[in-house]
Amino acid sequence: MRNDPTSSPVDALPWLRQAYENGCFTADIHPAGCLHAAFVRAAHPHAEILDISRDVLDDPDVLAFWTANDLPAGIKPIPCIIPLDNRDGSPRADPPRTLMASAKCRYEGEILAMVVARSELAARRAAARCRVSYRLLPAVTDADEAARDGAPLVWDDIPDNLCFDWEMGSSAARDAALRGAAHIVRRRLRNNAIIISPMETRNAIAAFVEKSDSFVLVSATQGAHWTRDVIACDVLGWPASRLEVVTPRVGGSFGAKIFVYPEQVLVLLAAEHLRATVKWSATRTEGCLTDVRGRDNWTDATMALSADGRILAIAADTIANLGAQLSNYGPFSSTTCGAPLLCGPYAIETVHARVRGVLTHTAPLDSYRGAGRPEAHYVLERMIDEAARETGMDPVALRRRNLIDETRLPYTTATGIHIESGMFRANFQRALEEADHAGFAQRREESRARGLRRGIGMANFIETNGGFALAKILERNTGGLPRETARITFLPDAAIRLDVGTQSSGQGHRRAYSRVLADYLSLPAAAIQVAQGRSDRLRQGTGTGGSKSMLSGSTAILDAADETLAKARAWLAARTGISADDIVWRMGRLWMGDIALTLLDAAKMARSESGLQHPFDSHVTATVQSGTHGNGCHICEVEVDPATGRTSVVRYTAVSDFGHLLSPEGVMGQQYGGIAQGLGQALIEECRYDDRGKLASADFSSYHLPQAADMPDARLIFQNTPSGTNRLGLKGCGEAAASAAPPAIMNAVQHALHQESDGIIQMPATPEHVWNALHHRRAKQ
């Protein structure tokens, strides 16, 4: 972080200053004289690399061609930062995430070589011409199959493809609960693999700044500081001060752009080697092949119940796909982030989770919207419906019987989640009423008269927001608590620039943050310029993820505002002789007895006496002391056409408690978006591989996303209780709908078809899968 803005290498690049101020996407930035990179990628999921032709160097437009053998000495693999111990206390395996494959490729799309040319077209054509000789090897793409005896190994030194075997909770307590149960229900559940598919593909522009012998990386990220530190310090061995990262604007992310990728490092190395600016943008197929995937696990779930319907225990034995290499957070979602939510908003006495992280010949997997919490909610809510079906209990009564009673708050779950506020039973009841649950039977008969099968499904959810699970790993120096930074700068034109360490990827942070500061300091919102995504302006920034931005960002903003007011009082006291304690901030004014000044009036007076830095400027790193727990209930109705297998979501109701809503319109958008992504996972999105292990859904002609016509006219209701753990009373909301939608939708599908299909219907319930499930049952009859 540079206090003097003129010292930043970012400001030595006029094209970048203009692009940042105009809010350009990275792919739309075209520096004069920029060179372009393209990558030769593995055409097979597992093969020995026998030879890579270097004939492309004969092309006069090609300026550089690198394979793994050409990389500078001392380059380290991209690290996985999640330490994890196995059940026996030994550490997890650590397969290296190298920048390029050398002797073997281990997933389709892995980088084999880099071409740098004078134009993007020349670079891509040269990469396409590059000839690679392989010796094909057996591949395995399904984690369940990879864990079986005799499966092809991804890494020769990692037996059985087992990266870790992790456990949470007491197996003895689980077994005791099972022994005392009146009912035990067991099911196998699939959380299907997701190609994350943000609208903007990944990208990078690396610029060499000769004056300071430093570099600037422009890239769509979810955290400029995190990206800088991993690339500079962990991979390249540079001091952090030699690299700045700028993220001007991001067109969607959903987790995929948190992480460091080989392409970002390689364009930097090319810029260093050529002393030039080098650019790369992924094609859609490159994104499908190489972006981190989400979800992708199998869970053997067990639920124990008493005779009167109390849930005594839930246990989940999960096989989680990690891909061929570990992404930065790879083991996190399926273990310490997601597993504690297996209890949901229910008073379940015993929770046990075992997770085996398995390596396969696929692209690395990592956090996708919700990061383990949607997977946990899916298992829990599907199991409640299955338990009701198997025991003959009413699924509504079973949920009501076990929801946490608000009179017991604050409440600590069996997994250690401390919940201080919520409306679990009230939200559930309101959702049933708003969805007209009582009228479902009549609607079902109306659907049947049209030859359709109608089902209803529901899911209660609770979120753990604030970034605490990750902070326990990363923030050792603050006792495992999350931090965020904000900086208030008074500009010469009387505007205020607010820099915040989180980063928007379409959520509308700028508008919400400007409201927070404007309301607190009684300023016009137009006077505040919110800026994000520049590592040179803040000493620290934790980026965006885990529905924590409004919590952590507002905490830092309000602390920075308090520091600004303290500096303003001190400045006025020094010039008036009035004690700073007697200068009071009240009703949007600084009061000195009967005299009152607005903050902007005082700042204008101080500006005339100040030098480069305004005396009211503040720069604060705040520690977030407590997380939040958004909660609620989603209820879905579907119609299934047994002739085609097509499922339509025909009614959708969501009642949510997100505390104080800073931006009601933004919260609405987040909920609709989360429902759309949950619907996509439940009914549409299918990551398929052929019998050779090659991705059969590598573009949008074969990997389908939900469209507007697939979305119901969802009824969204907010019934909020303010959180008492933060100054604004807010709760995280961004990932909630993605947690609740898949189980609500799939419970509805199962309810519609349970009398006509064998066994449990797995995600995605595509027309083909549903039709096969129905006709398999009929063929056996």
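What you see is a predicted model; the values in this text were computed from it and never measured.

A closer look at the domain arrangement of the protein
Link 1 in the chain: Here the protein is described as being made up of domain 1 (422-465 + 628-780) and domain 2 (468-623).
Link 2 in the chain: For domain 1 versus domain 2, the separation of C-alpha centres amounts to 40 Å.
Link 3 in the chain: Contact residues are listed per partner, giving 15 residues for domain 1 and 15 residues for domain 2.
Link 4 in the chain: Regarding the contact of domain 1 and domain 2, the summed buried area is about 1200 Å², with carbon and sulfur atoms giving 55% of it.
Link 5 in the chain: The interface formed by domain 1 and domain 2 contains four salt bridges.
Link 6 in the chain: D562 serves as the salt-bridge partner of R727, at 3.1 Å between the closest nitrogen and oxygen.
Link 7 in the chain: Connecting domain 1 to domain 2 are eight residue pairs in polar contact (both at pLDDT 80 or more).
Link 8 in the chain: Residues belonging to the side of domain 1 that touches domain 2 are distributed by class as follows: five nonpolar, seven polar and three charged.

Some thoughts on the sheet that holds strand β1 (residues 35-41)
Link 1 in the chain: Taken in spatial order, the seven strands line up as β3-β5-β1-β12-β9-β10-β11 in an open sheet, and their pairing is mixed. A single partner strand is all that each edge strand has here, and the edge strands are β3 (62-67) and β11 (243-246). Here the average twist between neighbouring strands, direction ignored, is 20 degrees.
Link 2 in the chain: In this sheet, strand β10 (residues 214-218) lies alongside strand β9 (residues 203-209) in antiparallel orientation, the contact comprising five bridges. Bridged to A207 within β10 is V216.
Link 3 in the chain: Seen against the sheet, helix α2 (residues 120-129) touches β1, β3, β5 (111-117) and β12 (277-281) and runs at an angle of roughly 20 degrees to β1.

Some thoughts on the pattern of salt bridges
Link 1 in the chain: Scanning the model with the defined rule gives 59 salt bridges in all.
Link 2 in the chain: We note a salt bridge from E665 to R515, for which the minimum N-O separation is 2.9 Å. One end of the pair, E665, is in helix α17 (residues 664-684); the other, R515, is in helix α14 (residues 509-521), with 150 residues separating them in the sequence.
Link 3 in the chain: On the basis of relative accessibility, which here comes to 25%, the residue R515 falls in the partly exposed class.

Here's the deal with the UniProt feature "domain: Aldehyde oxidase/xanthine dehydrogenase a/b hammerhead" (unreviewed entry) in the protein
Link 1 in the chain: As recorded in UniProt, the sites labelled "domain: Aldehyde oxidase/xanthine dehydrogenase a/b hammerhead" (unreviewed entry) are residues 22-138.
Link 2 in the chain: As annotated, residues 22-138 has a helix share of 9% and a strand share of 28%, and its two end C-alpha atoms lie 50 Å apart.

A few points about empty space enclosed by the protein
Link 1 in the chain: Counted under the stated rule, the structure contains seven cavities of 30 Å³ or more.
Link 2 in the chain: By volume, the largest cavity amounts to about 140 Å³.
Link 3 in the chain: Forming the walls of the largest cavity are 16 residues, and the residues nearest its centre are T299, T318, S334, E375 and A376.
Link 4 in the chain: Of the residues forming the lining of the largest cavity, the biggest block, three residues, is contributed by helix α9 (residues 373-391).
Link 5 in the chain: For the lining of the largest cavity, a count of residues per class yields seven nonpolar, eight polar and one charged.

With respect to the sheet that holds strand β4 (residues 104-105)
Link 1 in the chain: Spatially, the three strands line up as an open sheet ordered β4-β2-β6, and their pairing is antiparallel. Across the chains shown, the open sheet's two edge strands, defined by having one partner strand only, are β4 and β6 (132-136).
Link 2 in the chain: In terms of strand pairing, strand β2 (residues 47-52) meets β4 through two bridges, oriented antiparallel. Considered in β4, the bridge of A47 is made with C105.

Calculation rules
Residues numbered from 1 in each chain as written. Predicted model: local features only at pLDDT ≥ 70, side-chain atom pairs only at ≥ 80, totals over all residues. Heavy atoms only, no water. Domains from an automatic or database assignment. Contact = heavy atoms within 4.5 Å. Buried area = accessible area lost by both parts, 1.4 Å probe. Salt bridge = Lys/Arg side-chain N within 4 Å of Asp/Glu carboxyl O. Polar contact = N/O pair within 3.5 Å; in protein donor to acceptor, adjacent residues only side chain to side chain. Nonpolar A, V, L, I, M, F, W, Y, C, P; charged D, E, K, R; others polar. Pairing = 2+ DSSP bridges. Helix = DSSP H or I, 4+ residues; strand = E, 2+ residues; numbered from the N terminus. Axes fitted to C-alpha atoms, helices over the stretch in contact; angles between N-to-C directions. Buried < 20%, exposed > 50% of the residue type's maximum accessible area, 1.4 Å probe, protein only. UniProt positions renumbered as here; feature names shortened; annotations may be inferred. 1 Å grid on protein atoms, 1.4 Å probe; cavity = no way out; pocket = protein on both sides within 12 Å on 5 of 7 lines; lining within 4 Å. Points joined across faces, edges and corners; volume = space filled by probe spheres on them.

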